[in-house]
Amino acid sequence: MKIVRLEVHPVYHKTDVRIKCHIFICMLTYHIMWHMKQRLQPLFEKDEKVADRKYTFDYIMETLKCIRKNTVEFQNVITNVITVPTDEQNRILQLLGVSL
């Protein structure tokens, strides 16, 4: 995703096609964010009852950034190495309907 929050900055692209593409990517990001927030609502609702909110959209994005998938090739053997998600990351992925 381009950014965590939808922020349409001044666009300095030189062609109409690039400007339209930029706006499309921003709107696509907003659409994905909206759907993620809908699926993560149980997590947000549970957290609203606590004085210091832990779960925000920014926090969730930072937490998910730690998950990596790398393809390693060594001596003609190709292996996929995937980070083992924490319990918290697994909960978030489960709510989003994502499997690794």
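Residues numbered from 1 in each chain as written. Predicted model: local features only at pLDDT ≥ 70, side-chain atom pairs only at ≥ 80, totals over all residues. Heavy atoms only, no water.

Novice: Can you explain the overall build of the protein chain? Please cite residues and give values.
Specialist: Per the secondary structure count, the protein chain includes four helices and two strands. For the protein chain, contacts bridging at least 24 residues in sequence account for 45% of all contacts bridging at least 6. Split by element, the accessible area of the protein chain, about 8,000 Å² in all, is 57% carbon and sulfur. (Helix = DSSP H or I, 4+ residues; strand = E, 2+ residues; numbered from the N terminus. Contact = heavy atoms within 4.5 Å. Areas by Shrake-Rupley, 256 points an atom, 1.4 Å probe, with all protein chains shown as cover.)

Novice: Tell me about the pairing of strand β1 (residues 69-74), and name the residues and values.
Specialist: Counting buried positions along β1 gives zero out of six residues, so the element sits mostly on the surface. Two elements, β1 and strand β2 (residues 77-82), share six bridges in a ladder whose sense is antiparallel. Following the sheet pairing, Glu73 is matched in β2 by Ile78. A loop of two residues connects β1 with β2, the two strands running antiparallel in sequence, and Gln75 in this loop sits at a positive phi of about 50°. (Buried < 20%, exposed > 50% of the residue type's maximum accessible area, 1.4 Å probe, protein only. Pairing = 2+ DSSP bridges.)

Novice: Got a sec to walk through the side chain of Gln89? Specific residues and values, please.
Specialist: Mapped onto the elements of the fold, Gln89 is located in helix α4 (residues 87-96). Exposure remark for Gln89: the relative accessible area of 5% places this residue in the buried category. Setting aside chain neighbours within four positions, we find Gln89 in contact with Thr63, Cys66, Ile67 and Val84.

Novice: Describe the packing of aromatic side chains, and please don't skip the residues or the numbers.
Specialist: How two aromatic rings sit relative to each other is given by the distance of their centres and the angle of their planes. Counting across every chain of the model gives one aromatic pair. On the numbers, 5.7 Å between centres and 75° between planes, the contact of Tyr55 with Tyr59 is edge-to-face. Seen from the ring of Phe57, Lys37 lies directly overhead, with NZ or CZ sitting 5.4 Å from the centre. (Phe/Tyr/Trp six-rings, centres within 6.5 Å; stacked < 30°, edge-to-face > 60°. Lys NZ or Arg CZ within 6 Å of the ring centre and 35° of its normal.)

Novice: Can you explain unusual backbone geometry? Please cite residues and give values.
Specialist: The backbone phi angle of Gln75 is positive, close to 50°, even though this residue is not glycine. Relative to the elements of secondary structure, Gln75 occurs in the loop between β1 and β2. The exposure class of Gln75 is exposed, given its relative accessible area of 65%. Non-glycine residue Asn76 carries a positive phi angle of around 65°. Mapped onto the secondary structure, Asn76 falls in the loop between β1 and β2.

Novice: Before we move on, could you go through the confidence of the model for the protein chain and cite the residues and values that matter?
Specialist: Model confidence for the protein chain is summarised by a mean pLDDT of 85, while 87% of its residues fall at 70 or above. When pLDDT is averaged over each element of the protein chain, α4 comes out on top at 95 and helix α2 (residues 41-48) at the bottom at 83. (pLDDT = per-residue confidence, 0-100.)

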